[in-house]
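Spelled out from the first residue to the last, the chains are:
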Amino acid sequence: ALQSDGKIVITGPSGTSGSLNVLVARYNSDGTLDAGFGTNGVATFNINGDDYGYAIGLQADGKIIVAGSTKTGTNNDMLVLRLLPGGTLDTSFGTAGVVTVDGGSANDKVNAVAVRPDGHIVIGGNATTAGKECFYLAQLNADGTFDDSFGTSGEVKHLVGTDNCQLNALSLLDDGRIVAAGSSFDATTQYDFAVCRYMADGSFDTSFNSTGKAVIAASTANDNGYGVAMQADGAIVVSGAQNS
């Protein structure tokens with residue numbers, strides 16, 4: 001993520017399998033590590049078992065949201081951290097700076113995060129509904145609790161098609177709506193692009209493909225959406241991968 005001052009924040013896992021930690025580093029605009037962040041530009045966080053950082057969101061006050069997953073026992077749960085500008089955990093968020101969410105599957109994770117202008121935090125990833133991997137979307141208050149005005153008690157879980165699916169990317173529109181992209185299995189042979197558009201309260205925007213959901217078979221092989229962006233004219237651009 002790019003800060004307004006030109007500094008660059010990255011995240012990912014650090015360590016070896018079985019003892020991975022979330023790594024967050026900040027670089028100056030010239031590519032050198034920012035010595036004012038963490039320890040010589042790097043901060044690591046050991047939450048449970050293997051911990052992963054997959055996404056970053058920046059708040060207007062300089063605080064940093066890092067989201068991913070953490071392994072508790074044999075299952076992965078969703079993980080959200082908030083850091084102060086200097087790279088330490090913000091203890092006013094969640095429990096000592098940490099929020100974990102059990103989405104009902106063995107592989108819950110947050111793949112995307114965005115911060116609204118009012119400070120609400122939107123996270124997206126995958127969880128489980130009706131025994132299948134599903135799109136997962138949630139909105140957190142500034143203190144890390146679920147925003148009950150969003151979805152059902154702060155969460156949205158649904159299938160895009162009829163089988164397993166996963167949310168990999170999201171983008172906020174200026175009017176508060178949310179666009180999410182990922183993949184959906186067609187229940188027979190392959191994964192296809194999946195795109196959904198939601199109202200600001202987490203309900204489906206039915207002006208998009210009449211249901212708020214679209215499954216796009218871009219090829220006859222597996223198609224997975226990993227990125228999404230909005231054009232000025234409202235068109236949605238999805239990028240990803242195709243297995244041929």
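None of the values given here were measured: they were computed from a predicted structure.

A. Geometry of the pairing of strand β16 (residues 222-230). Examined bridge by bridge, β16 and strand β17 (residues 236-243) share eight bridges and lie antiparallel to one another. When the sheet's bridge partners are listed, Met230 is paired in β17 with Ile236. Where β16 folds back onto β17 in an antiparallel hairpin, the turn is made up of five residues, including Gly234, whose phi is positive at roughly 95°.

B. Spotlight on the sheet that holds strand β7 (residues 98-101). Overall, antiparallel pairing links the four strands, which are arranged β4-β5-β6-β7 in an open sheet. At either end of the open sheet lies a strand with only one pairing partner, and these are β4 (51-58) and β7. Across this sheet, the average inter-strand angle for adjacent strands is 25°, counted without regard to direction.

C. Main features of the packing of aromatic side chains. Per the stated rule, a full pass over the model turns up three aromatic pairs. Look at Tyr198 and Phe204: their rings are 5.5 Å apart centre to centre, the planes differ by 20°, and that puts the pair in the stacked class. The exposure class assigned to Tyr198 is buried, which follows from its relative accessible area of 0%.

D. Seen up close, the sheet that holds strand β14 (residues 191-198). If you trace the four strands from one edge of the open sheet to the other, you get β12-β13-β14-β15, paired in antiparallel fashion. This sheet does not close on itself; its edge strands, each paired only once, are β12 (165-172) and β15 (213-216). Adjacent strand axes in the sheet meet at a mean angle of 20° when their direction is disregarded. Bridge count between strand β13 (residues 178-185) and β14: eight bridges; the pairing is antiparallel. Within the sheet, the bridge partner assigned to Ala180 lies in β14 and is Cys196.

E. Highlighting the pattern of salt bridges. Under the counting rule described, the total for this entry stands at eight salt bridges. Salt-bridge contacts for Asp90 lead to Lys63; the nearest nitrogen and oxygen are separated by 3.0 Å. Within this pair, whereas Asp90 is found in the loop between β6 (75-83) and β7, its partner Lys63 is found in the loop between β4 and β5 (64-72), the two being separated by 27 residues in sequence. When sorted by exposure, Asp90 lands in the same class as Lys63, which is buried. Of the charged contacts in the structure, one is a salt bridge between Arg177 and Asp175, with a shortest N-O distance of 2.9 Å.

F. Local environment of the side chain of Asn76. Summarising the element assignment, Asn76 is placed in strand β6. Assessed through its relative accessible area of 16%, Asn76 is described here as buried. At a separation of 3.4 Å, a polar atom in the side chain of Asn76 contacts the side chain of Asn107. Discounting chain neighbours no more than four positions away, the residues touching Asn76 are Ser69, Thr70, Lys71, Ser105, Ala106, Asn107 and Asp108.

G. View of the pairing of β14. Among the eight residues of β14, seven are classified as buried, and the element is accordingly described as predominantly covered. Hairpin connection from β13 to β14: five residues lie between these consecutive antiparallel strands, with Ala187 at a positive phi of about 75°. Where β14 and β15 come together, four bridges link them in antiparallel fashion. Bridging across to β15, Ala194 finds its partner in Val215.

H. Summary view of unusual backbone geometry. Positive phi, normally seen in glycine, also occurs at Ala130, with a value near 50°. Position of Ala130 relative to the elements: it lies in the loop between β9 (121-129) and β10 (132-140). Taking relative accessible area as the criterion, Ala130 reaches 73% and is therefore assigned exposed. We note that Asn209 has phi near 55°; this positive angle belongs to a residue other than glycine.

Parameters and conventions
- Residues numbered from 1 in each chain as written.
- Predicted model: local features only at pLDDT ≥ 70, side-chain atom pairs only at ≥ 80, totals over all residues.
- Heavy atoms only, no water.
- Pairing = 2+ DSSP bridges.
- Helix = DSSP H or I, 4+ residues; strand = E, 2+ residues; numbered from the N terminus.
- Axes fitted to C-alpha atoms, helices over the stretch in contact; angles between N-to-C directions.
- Phe/Tyr/Trp six-rings, centres within 6.5 Å; stacked < 30°, edge-to-face > 60°.
- Buried < 20%, exposed > 50% of the residue type's maximum accessible area, 1.4 Å probe, protein only.
- Salt bridge = Lys/Arg side-chain N within 4 Å of Asp/Glu carboxyl O.
- Polar contact = N/O pair within 3.5 Å; in protein donor to acceptor, adjacent residues only side chain to side chain.
- Contact = heavy atoms within 4.5 Å.

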